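A look at the structure
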Amino acid sequence: MTGDAAPAFVEVRDLATVFGKGAQAFSVHEHLDLTVARGELLSLVGGSGTGKTVLLRHILGLTTPSSGSVTVAGRPAAELGGDGASSRVGMLFQHGALFTAFNVLDNIAFALYELHTVPRDLAHEIAMVKLRMVGLKPEHALRMPADLSGGMIKRVALARALVMDPPLLLLDEPTAGLDPNGSDEFCDLLREMHAALGLTVIMVTHDLDTLYALSSKVAVLAEKRVIVHAPPAEVARFDHPFIDHFFRGQRGLRALAPAPMQLKEH
């Protein structure tokens, strides 16, 4: 790190998460520390049950830590659950989680409707801007979620997450369910949005292609804490059984392998 490192945007300090009581109690996190710099695009990885989604819920302010602290932009994450939360953090769920009874435009504009911060006509205009921003056309605005492809659902969900221009974006398996071409296109879109909007992004993913395509840093959850937080290449060299399996197994080697050269026609 240099002296010009970006300031912290998300800080997790000595976090403990315990569910249940008495003999039924079990801990998910113990003494977990994590700092995410402003503008960073962080991938969060770990085995099943290591608390990746629980950590996202802490950052969203939806779950209260058993001990420790979580701050976002210098404020307790618990405050994100109050008024104006959607103007500070956007969330893209694994399968889009669109409202099936609403068309595309109304899905994107939902937060604007609920907060009553702008007239409905202006909410429609803002939603149309976001629709075009994620690469969809105006004629898609009146389609229902059931009429969309998997890639289009992801784009609508991203537009909804960004409708209030939040500085922080949380992604849960953003390319899950997409074919390789759709995954590559969505990664390109996320990279463009990250750069154009100056977003800080925290992404849970098991897709190594997505991780290597997008991440400026990777944080690995194991042993109830973050065991390493560093650039992807550095994390892949870290000595730990999970990292050895995840990054240096066959999937990891395939993700790092150079793309095959295309033969030119003569």
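Refer to the structure above for everything that follows.
Residues numbered from 1 in each chain as written. Predicted model: local features only at pLDDT ≥ 70, side-chain atom pairs only at ≥ 80, totals over all residues. Heavy atoms only, no water.

Here the focus is the overall build of the protein. Along the protein, the regular secondary structure elements total ten helices and ten strands. Among the 266 residues that make up the protein, the fraction classed as buried is 48%. In the protein, of all internal contacts separated by at least 6 residues, the share reaching a separation of at least 24 is 64%. A total of about 13700 Å² of accessible surface is found on the protein, and carbon and sulfur atoms cover 55% of it. (Helix = DSSP H or I, 4+ residues; strand = E, 2+ residues; numbered from the N terminus. Buried < 20%, exposed > 50% of the residue type's maximum accessible area, 1.4 Å probe, protein only. Contact = heavy atoms within 4.5 Å. Areas by Shrake-Rupley, 256 points an atom, 1.4 Å probe, with all protein chains shown as cover.)

Moving on, we come to the environment of Tyr 113. Turning to its location among the elements, Tyr 113 is positioned in helix 3 (residues 110-115). Judged by its relative accessible area of 13%, Tyr 113 falls in the buried class. As for Tyr 113 and His 124, which are separated by eleven residues in sequence, their C-alpha atoms are 9.5 Å apart. Residues within four places of Tyr 113 in sequence aside, it is in contact with Asp 106, Arg 120, Ala 123 and His 124.

If you walk across this open sheet you meet the four strands as 2-1-4-5, and the pairing is antiparallel. Each edge of the sheet is formed by a strand with only one pairing partner; in this case those strands are strand 2 (26-37) and strand 5 (75-76). Pairing geometry for strand 1 (residues 8-19) and strand 2, over eight bridges, is antiparallel. For Leu 15, the partnering residue across the bridge sits in strand 2 and is Leu 32. Packed on one face of the sheet, helix 1 (residues 52-60) meets strand 1, strand 2 and strand 4 (67-72) and runs near 120° to strand 1. (Pairing = 2+ DSSP bridges. Axes fitted to C-alpha atoms, helices over the stretch in contact; angles between N-to-C directions.)

What follows is about the environment of Ala 123. By the secondary structure assignment, Ala 123 is in helix 4 (residues 120-133). Looking at Ala 123, the relative accessible area reads 0%, which means it is buried. Along the sequence, Ala 123 and Val 163 sit 40 residues apart, while their C-alpha atoms lie 9.3 Å from each other. Excluding residues that lie within four positions of it along the chain, Ala 123 makes contacts with Ala 109, Leu 112, Tyr 113 and Val 118.

With that settled, consider the side chain of Glu 173. Assignment of secondary structure puts Glu 173 in the loop between strand 7 (168-172) and helix 6 (180-197). Side chain to side chain, Glu 173 and His 206 meet in a polar contact 2.4 Å long. For Glu 173, the residues in contact, after removing those within four places along its chain, are Gln 94, Lys 154, Val 204, Thr 205 and His 206. (Polar contact = N/O pair within 3.5 Å; in protein donor to acceptor, adjacent residues only side chain to side chain.)

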